[in-house]
Amino acid sequence: MPRTPSPLLLTGARLLDPEPGTATPGSWLLVEEGRIVARGTGPAPAREDAETVDLAGATVMPGLIDAHVHATAFTADLGAAADQSPSYVTAWAATSLSAMLGRGFTTVRDVGGADWGLSLAVEEGLIDGPRLAFGGKALSQTGGHGDFRPRGRHGSRDDGCCQGAGLVCDGAVEFRRAARDQLRTGAHHVKVMLSGGVASPTDRIDSTQSSEDELRAVVEEAEAANRYVTGHAYTARAVNRGLRLGVRCIEHGNLIDESSVELFREHDAFLVPTLVTYHELSRLGPRYGLPAESQAKVDTVLQRGLEALRLAHEGGVRLAFGTDLLGGMQEHQSNEFTIRGQVQPADAVIRSATSEAAELLGFGGEAGTLSEGARADLLVVDGDPLDDLSLLAEPERGVRAVVTAGTVRRGRLGL
């Protein structure tokens, strides 16, 4: 296990609190045993046992949270994943997670592919990456968004190994058993496919998927385990159906309408737009393995994504930050800040990537905040992201240091 770091006292800081969307200059922050234990303004307390660093006006903010990643997706051709070696996939995932940490993401939620072993490897320090909340395999009907077989392949491989992102189920009994199996491994959530998708070869974007009794079975099992269900969906029809059946979070939602906004508010549900992935799939998809039948679907959701974000933001929907990038396109993860900044003010975008995402993941008060008692997952930023969101969109320029549980993992604290 990683060793407990020495006490750390940061002085001369601008503390950025995402919840109210404010930044307080002339502040200090004290970290002990990996947690924030005190903070204030003015002169800092004298602590001879602490490493004291004067940040000279730099911003301290909570580490970022990406609520929609696929750490094991080494290619945009998700059907190819089942034919790859598990050791190769793990090595690729370790590299991917390490790069995410370097961009300032101290917690990520994998919504299809990563398992308990990968999460444990991060926790024990075997993999250098952000804390990993996982859901295991996403549950899909035959021919649904989690069924990546081409039309000519008739057999299935559901041996539970780590390569694939989806698990094909049919009927309430199979969905219930599959949900229980993901939860058995310690999954933080269960994901279901509510509609067609881009990366799956045989379904339509505008289809609805998984029957009501199948979805009710999954929701029942997640609630019994004090976990939640998140659903992949694009159209208002698919989104609304999932929300009415108890799905707590919707991934994507590019084609929602006003009726969806009302249901999000009624059920206090979350939306995780993933706008950057459509930009990159449109631009680079074929280079990174996206099959032709999937490439043809990209434009269907690309054009409406920004308007859906605007509708949700103005309608008061709870929004979390997500990217959904595949293969080599993951290097563009931080560009989601630029895209969202076209519609939302900077404080709302930052909140979606910190405190709101933490609430979705069940880490409220633990991550995404500078509150006393929270885990000391921090970014030191040269400048104020509330005034200049590009500092997070271009972390190589704006992010000076990345800290997890009180330990500097990237960069340096002082000048």
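See the structure above.
Enquirer: Describe in detail the overall build of the protein, supporting the description with residues and values.
Expert: Check the secondary structure of the protein and you find 13 helices and 18 strands. Rg of the C-alpha trace for the protein: 21 Å, near the compact-globule value of 22 Å for 415 residues, within the 12% margin. For the protein, the spread of C-alpha atoms along the principal axes amounts to about 70 × 45 × 45 Å. Relative to its 415 residues, the protein shows a buried fraction of 58%. Taking all contacts inside the protein whose residues are at least 6 apart in sequence as the whole, residues at least 24 apart take part in 70%.

Enquirer: Please provide a residue-by-residue account of the nonpolar core, values included.
Expert: Counting 48 residues, the largest nonpolar core has L139, V218, I250, F264 and L271 as its most contacted members. Elements represented by at least two residues in this core include exactly α3 (172-184), β11 (189-193), α4 (212-224), β12 (228-235), α5 (236-244), α6 (258-267), α7 (275-284) and α8 (292-314). With five residues, the top contributor of residues to this core is α8. Dropping the residues within four chain positions of it, V218 is found in contact with L139, F175, A179, V190, V192 and V229.

Enquirer: Got a sec to walk through the pattern of salt bridges? Specific residues and values, please.
Expert: This model, assessed by the stated rule, comprises 22 salt bridges. For R39, the salt bridge is made with D17, and the minimal N-O distance between the two is 2.8 Å. On the criterion of sequence distance, the pair formed by R39 in strand β3 (residues 35-41) and D17 in strand β1 (residues 8-17) is long-range, its members being 22 residues apart. The closest approach of N and O atoms between E394 and R397, which form a salt bridge, is 2.9 Å. Using a relative accessible area of 42% as the deciding quantity, one classes R397 as partly exposed.

Enquirer: Let's hear about the sheet that holds strand β6 (residues 64-69): which residues, and what values?
Expert: Hydrogen bonding along the main chain pairs the strands of a sheet, whether they run parallel or antiparallel. Strand order in the open sheet formed by three strands is β6-β7-β8, with parallel pairing between adjacent strands. Edge positions in the sheet fall to β6 and β8 (131-134), since each of these pairs with one other strand and no more. For this sheet, the mean angle separating the axes of adjacent strands, direction not counted, is 20°.

Enquirer: Can you break down unusual backbone geometry residue by residue, with the values?
Expert: Unlike most non-glycine residues, E33 shows phi in positive territory, near 50°. Positionally, E33 belongs in the loop between β2 (22-32) and β3. In this model, A56 sits at a positive phi of 55°, which is unusual for a non-glycine residue. With respect to the helices and strands, the residue A56 is situated in the loop between β4 (51-54) and β5 (59-62). Residue class for A56 comes out exposed when judged on its relative accessible area of 54%.

What counts as what
- Residues numbered from 1 in each chain as written.
- Predicted model: local features only at pLDDT ≥ 70, side-chain atom pairs only at ≥ 80, totals over all residues.
- Heavy atoms only, no water.
- Helix = DSSP H or I, 4+ residues; strand = E, 2+ residues; numbered from the N terminus.
- Rg over C-alpha atoms; globule rule 2.2 N^0.38 Å.
- Buried < 20%, exposed > 50% of the residue type's maximum accessible area, 1.4 Å probe, protein only.
- Contact = heavy atoms within 4.5 Å.
- Core = buried A, V, L, I, M, F, W, Y, C linked by side-chain atoms within 4.5 Å.
- Salt bridge = Lys/Arg side-chain N within 4 Å of Asp/Glu carboxyl O.
- Pairing = 2+ DSSP bridges.
- Axes fitted to C-alpha atoms, helices over the stretch in contact; angles between N-to-C directions.

Just geometry here; none of it tells us what the structure is for.
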